Every structure is written in structure tokens, then in C-alpha cells.
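Chain by chain, the residues run as shown.
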Amino acid sequence: MCELLGMSANVPTDICFSFKGLRERGGRTGPHRDGWGVAFYQNKGVCTFKDPMPSHESEVARLVSDYPIKSTAVVAHIRQANRGRVGLENTHPFTRELWGRYWTYAHNGQLKDHQSLPTARFTPVGTTDSERAFCFLLSELDKHYPNKPKSRRQAFNFVRKKADILREMGVFNMLLSDGEYLLAYCTTKLHWITRRAPFGIARLSDIDVDIDFTRETTPNDVVTVIATEPLTCNEQWHKMQPGQWQLFHRGEAIGHKQE
């Protein structure tokens, strides 16, 4: 299986600390050696770094973990391949344009009969079940809202209903963002934490690194991090349950479902 990492914040924030922890799991403390990727939103634009190398060995990943790219929405992924060869075209996250915005997606899990999913004009480039599921979700959105929905929150509510279909096909843990909202959908394993004042010290579980957030933030900052497994060992993370989804907007949790 793969691992996911996402961030939603109310002010441009770097994800260096969390990405350092995730990077270790890509070949050192975890088996996810088949590529990695991370997408940073800056206004309506998105900057993506990908590498089919293990993140622990990747010089590009080292650069990303050290260079403070500021963003309000981030989607990242480290891969353990089960469908599709190890290659750049099969490396998450995947990005497509819809309604004049970039949508970015990453998936952890495995889906049966994924080739049966209709994708309309959103043709997969690679050969993974993950990318095909993403193209399916966008095609369903495009079909249901030919003239765009009244709000993007309405669109995300529609997506999580379609995610219930994908959940029936296997394991479907997902992150999806349009740069303003971030949707986390869980079938087996996802955790999240919201950091706000009063901030404290956080310590990574996979490497001897800690950070004092009081030195890095202002009292008004709100930052939520989503990960497959908690990245820190001294904080209380929320564990999502099978079938649960959570929508985040500028760091705040604004919608959820618990079965």
C-alpha cells in the first residue's frame, strides 16, 4: 500500500516538517520505494514535483523537504506499486483541469475491475487503477454539472458520494483538492490533526527532528495535516473510520460523515 499526506491552511504555510517524516517512509522506515510526488497550490496555480525514485534516496525529495514552499493546500504521496509499472506516468499525485481550476488527487489502495469505470474525456495517461478512478470522478462531476455547480463545496459533496461507489470496489483512501478545499476519504486508514494557538513542540516519529511551532506561526494560523499514519509521536491525531470523509477549507474541518 501507499501513504498519503495532505495539508490545508488559512495562510501560506510550508510542509517541510511533515514531508521530512513522510520522506523517510519512502524506503527507509517504510516499504514505499516506487516513487513519490507532491503538489503545492499557489493561488490558482499548482507546482508539482514527482520522481519514480524512492523518496528517501531522491535528491529532489531532499530539496522539497528543505526548501520552504509556501502553500495553503498540499497533496503528497509515496508509492508502493501494485497496479502499473514503476514510472513517472504512474506516480501520484495526478492533476487535471476542470472548470478553469486544477484538481489534484492521490490514492492509497487497490480497486477491482477498475477498467470498467467510465472516464469520458478524462483519459488516463498511465496504467494505474488510481488514475482511472480519478478520471472517473472528474467525468462524473463534468457530466452532473455541465455548467458548473453553484459552489465548489457542492461539487465536493458530490465527489464523496461517488467515492462510496469506489469503496465498494476495494480499498479507497483518497485526498482530493482544488486548491481551496481538500477532501479526505477513508476506507481503511487516514489520520488528521489541526494545529492552532497555543502552538507547541512536535516531534517526528520516523526521524529525530522536532519543531517549535510557536517560532514558526502567528496566533491566527490554522493548519491541518492529513496522513495515512500519524507523523508525530507526541501529538493527538484524529483517526478516521471506514466510510468516513472530512472536508477541509483553509485549515478548518467544515463537513464530515461518520458511519
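Conventions adopted
- Residues numbered from 1 in each chain as written.
- Predicted model: local features only at pLDDT ≥ 70, side-chain atom pairs only at ≥ 80, totals over all residues.
- Heavy atoms only, no water.
- Core = buried A, V, L, I, M, F, W, Y, C linked by side-chain atoms within 4.5 Å.
- Buried < 20%, exposed > 50% of the residue type's maximum accessible area, 1.4 Å probe, protein only.
- Helix = DSSP H or I, 4+ residues; strand = E, 2+ residues; numbered from the N terminus.
- Contact = heavy atoms within 4.5 Å.
- Pairing = 2+ DSSP bridges.
- Axes fitted to C-alpha atoms, helices over the stretch in contact; angles between N-to-C directions.
- Parallel < 35°, antiparallel > 145°, perpendicular 65-115°, else oblique.
- Left-handed = near helix turned anticlockwise from the far one by under 90°.
- Nonpolar A, V, L, I, M, F, W, Y, C, P; charged D, E, K, R; others polar.
- Phe/Tyr/Trp six-rings, centres within 6.5 Å; stacked < 30°, edge-to-face > 60°.
- Polar contact = N/O pair within 3.5 Å; in protein donor to acceptor, adjacent residues only side chain to side chain.
- 1 Å grid on protein atoms, 1.4 Å probe; cavity = no way out; pocket = protein on both sides within 12 Å on 5 of 7 lines; lining within 4 Å.
- Points joined across faces, edges and corners; volume = space filled by probe spheres on them.

- Labelled according to an unreviewed UniProt entry, the protein chain appears under the name Class II glutamine amidotransferase, originating from Bowmanella yangjiangensis.

## Some details on the nonpolar core
- Membership of the largest hydrophobic core comes to 31 residues, with the highest contact counts inside it found for Trp103, Tyr105, Leu141, Leu166, Phe172 and Met174.
- The set of elements that each furnish at least two residues to this core consists of strand E5 (94-98), strand E6 (101-108), helix H3 (129-144), helix H4 (152-167), strand E7 (173-177), strand E8 (181-185) and strand E14 (245-249).
- If we skip the residues at most four places from it in the chain, Tyr105 touches Val75, Pro93, Phe94, Ser130, Ala133, Phe134, Leu137, Phe172, Met174, Leu175 and Leu176.
- Within the second largest apolar cluster, 27 residues are counted, among which are Ile15, Val38, Ile69 and Leu204.

## A word on the pairing of E8
- A large share of E8 lies buried, amounting to 5 of its 5 residues.
- With burial as the criterion, each face of E8 is covered, one bearing Tyr181, Leu183 and Tyr185 and the other bearing Leu182 and Ala184.
- Across 4 bridges, E7 lies against E8 in antiparallel orientation. Residue Met174 lies in a different strand from E8, and its bridge partner there is Tyr185.
- Judged from the 5 bridges that link them, E8 and E14 form a sheet pairing that is antiparallel. If you follow Tyr185 over to E14, its bridge partner there is Trp245.

## Notes on the packing of H3 against H4
- Two elements in contact, H3 and H4, have axes whose closest approach is 10 Å; the angle formed by their N-to-C orientations is 130°. What the angle tells us is that H3 and H4 run oblique. Our pair here, H3 against H4, has a crossing hand that is right-handed. Where H3 abuts H4, its residues Ala133, Phe136, Leu137, Glu140, Leu141 and His144 lie against Ala155, Phe158, Val159, Lys162, Ala163 and Leu166.
- When grouped by side-chain class, the residues that make up the contact of H3 with H4 number 9 nonpolar, 1 polar and 2 charged.

## Considerations on the packing of aromatic side chains
- Counted by the stated rule, this structure contains 11 aromatic pairs.
- Taking 6.3 Å as the distance between ring centres and 80° as the angle between the ring planes, the aromatic pair formed by Trp99 and Tyr145 counts as edge-to-face. Placement of Trp99 in the loop between E5 and E6 and of Tyr145 in the loop between H3 and H4 is noted, with a sequence separation of 46 residues between them.
- Judged by relative accessible area, Trp99 falls into the buried class, the value being 17%.
- Classification of Tyr145 by relative accessible area gives buried; the value is 12%.

## Thoughts on the side chain of Thr187
- Tracing the sequence through the fold places Thr187 in the loop between E8 and strand E9 (191-196).
- For Thr187, the side chain forms a polar contact with the main-chain nitrogen of Phe172, separated by 2.8 Å.
- When near neighbours in sequence (up to four residues on either side) are disregarded, Thr187 contacts Arg167, Gly170, Val171, Phe172, Asn173, Pro242 and Gly243.

## A short note on the layout of surface pockets
- The calculated volume of the largest pocket comes to roughly 360 Å³.
- In terms of lining residues, the largest pocket is bounded by 21 residues, among which Thr13, Asp14, Ile211, Phe213 and Glu216 are the most central.
- For the lining of the largest pocket, the secondary structure elements donating two or more residues are strand E1 (3-13), helix H1 (16-25) and strand E12 (222-227).
- Residues that form the lining of the largest pocket fall into these classes: 12 nonpolar, 3 polar and 6 charged.
- In this structure, the second largest pocket encloses a volume near 250 Å³.
- Surrounding the second largest pocket, 17 residues form its lining, Gln42, Asn43, Thr72, Gly179 and Arg250 being those nearest its centre.
- Sorting the residues of the lining of the second largest pocket by element identifies E1, strand E2 (36-42), strand E4 (71-78) and E8 as the ones contributing at least two each.
- By residue class, the composition of the lining of the second largest pocket is 6 nonpolar, 6 polar and 5 charged.

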